[in-house]
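Spelled out from the first residue to the last, the chains are:
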Amino acid sequence: MGERMKHYLIKTKELVEYLEKEVKKFDALEDSTEEKEKFQHTLKREKEKLLVQISFFQHERLIHLIVTALFALMTILVFILVVTDFAPWTGVLLLLLLLLLIPYIKHYYLLENGTQKLYQYYDKLEELCHGEKEISRIHI
């Protein structure tokens, strides 16, 4: 899922930048043309597609939050066990849990930050759809 998130972020950034340029072109046209209406429809469709992807990533993020929290809880419990009643197997178990916890945290971090970035792209598309002139106030 991490590679998918990275790829989708790059693809979405390129799409939003392209659509921003196109909006500026259409804003230069004074009269409402059929092309302008088709472009508005395209903007809305892209915004809806992004919203669906955001919901997929939100679900994945929630699942990984639960798994990461459980691994962290187990790690803390095993750490307490190691401190209070050390046995070699508890030390090995603690080491294994720590080795698993680090990638889980890294992956959750990617999902969390990627989803936040997708929210920003969605907001940008929302502004483009509604024709707000002050596009630059959301920094991506």
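Read on for a plain summary of the structure. For clarity, every value in this text was computed on a predicted model and none was experimentally measured.

## Digging into the pattern of salt bridges
Alright, step 1. This model, assessed by the stated rule, comprises five salt bridges.
Alright, step 2. Across the salt bridge formed by Glu46 and Lys49, the nearest N and O atoms sit 3.4 Å from each other. Of this pair, Glu46 and Lys49 are both found in helix H2 (residues 34-84), three residues apart, which corresponds to roughly one turn of the helix.
Alright, step 3. Its relative accessible area of 45% is what places Lys49 among the partly exposed residues.
Alright, step 4. A salt bridge links Lys47 to Glu126, with the nearest nitrogen and oxygen atoms 2.8 Å apart. Of this pair, Lys47 sits in helix H2 while Glu126 sits in helix H3 (residues 88-129), placing them 79 residues apart in sequence.
Alright, step 5. Of the residues examined, Lys47 reaches a relative accessible area of 15% and is grouped as buried.
Alright, step 6. With a relative accessible area of 25%, Glu126 lands in the partly exposed category.

## Side note on a nonpolar patch on the surface
Alright, step 1. A grouping of Leu62, Ile63, Leu65, Ile66, Leu70, Leu73, Ile76, Leu77, Phe79, Ile80 and Val83 is seen on the molecular surface, where their side chains present a nonpolar patch of about 1,000 Å² in accessible area.
Alright, step 2. Take Val83: it is sitting in helix H2.

## Regarding the nonpolar core
Alright, step 1. Formed by 19 residues in total, the largest nonpolar core has its most connected members in Leu43, Leu50, Leu118 and Leu125.
Alright, step 2. Listed by contribution, the elements that provide at least two residues to this core are helix H1 (2-28), H2 and H3.
Alright, step 3. Non-local contacts of Leu118, meaning those with residues more than four positions away in its chain, are made with Met5, Tyr8, Leu9, Thr12, Leu50, Ile54 and Phe57.
Alright, step 4. With six residues, the next largest nonpolar core counts Val78, Val82, Leu94 and Leu97 among its residues.

## Structural notes on the environment of Gly131
Alright, step 1. As for its placement among the helices and strands, Gly131 is situated in the segment after H3.
Alright, step 2. Accessibility expressed as a relative area gives 43% for Gly131, which makes it partly exposed.
Alright, step 3. In this structure, the C-alpha to C-alpha distance between Gly131 and Phe26, residues 105 residues apart in sequence, is 10 Å.

Procedures and definitions
Starting afresh in each chain, residues are numbered from 1 along the sequence in its written order. In view of the model being predicted, local features appear only for residues whose pLDDT reaches at least 70, and side-chain atom pairs are presented and counted only at 80 or more, with totals across whole chains, interfaces and linings using the full set of residues. Just so you know, side-chain values use all the structure's heavy atoms and leave hydrogens and water out. Every case where a carboxyl oxygen of Asp or Glu lies within 4 Å of a side-chain nitrogen of Lys or Arg is listed as a salt bridge. Secondary structure elements follow DSSP: runs of H or I of four or more residues count as helices, runs of E of two or more count as strands, with numbering from the N terminus. Throughout this description, buried means an accessible area under 20% of the type-specific maximum (1.4 Å probe, protein chains only), exposed means over 50%, and partly exposed covers the range between. Only residues whose relative accessible area exceeds 30% and that take part in no salt bridge are eligible for patches, with like-charged residues grouped when within 9 Å of each other and nonpolar side chains (Val, Leu, Ile, Met, Phe, Trp, Tyr) grouped when within 5 Å. Areas reported as accessible are Shrake-Rupley estimates using a 1.4 Å probe. Residue values count occlusion only from the protein chains shown. Definition of nonpolar core: a set of buried residues of the types Ala, Val, Leu, Ile, Met, Phe, Trp, Tyr and Cys, connected through side-chain atoms within 4.5 Å. When checking whether two residues touch, look at their non-hydrogen atoms; a contact exists if any pair is within 4.5 Å.

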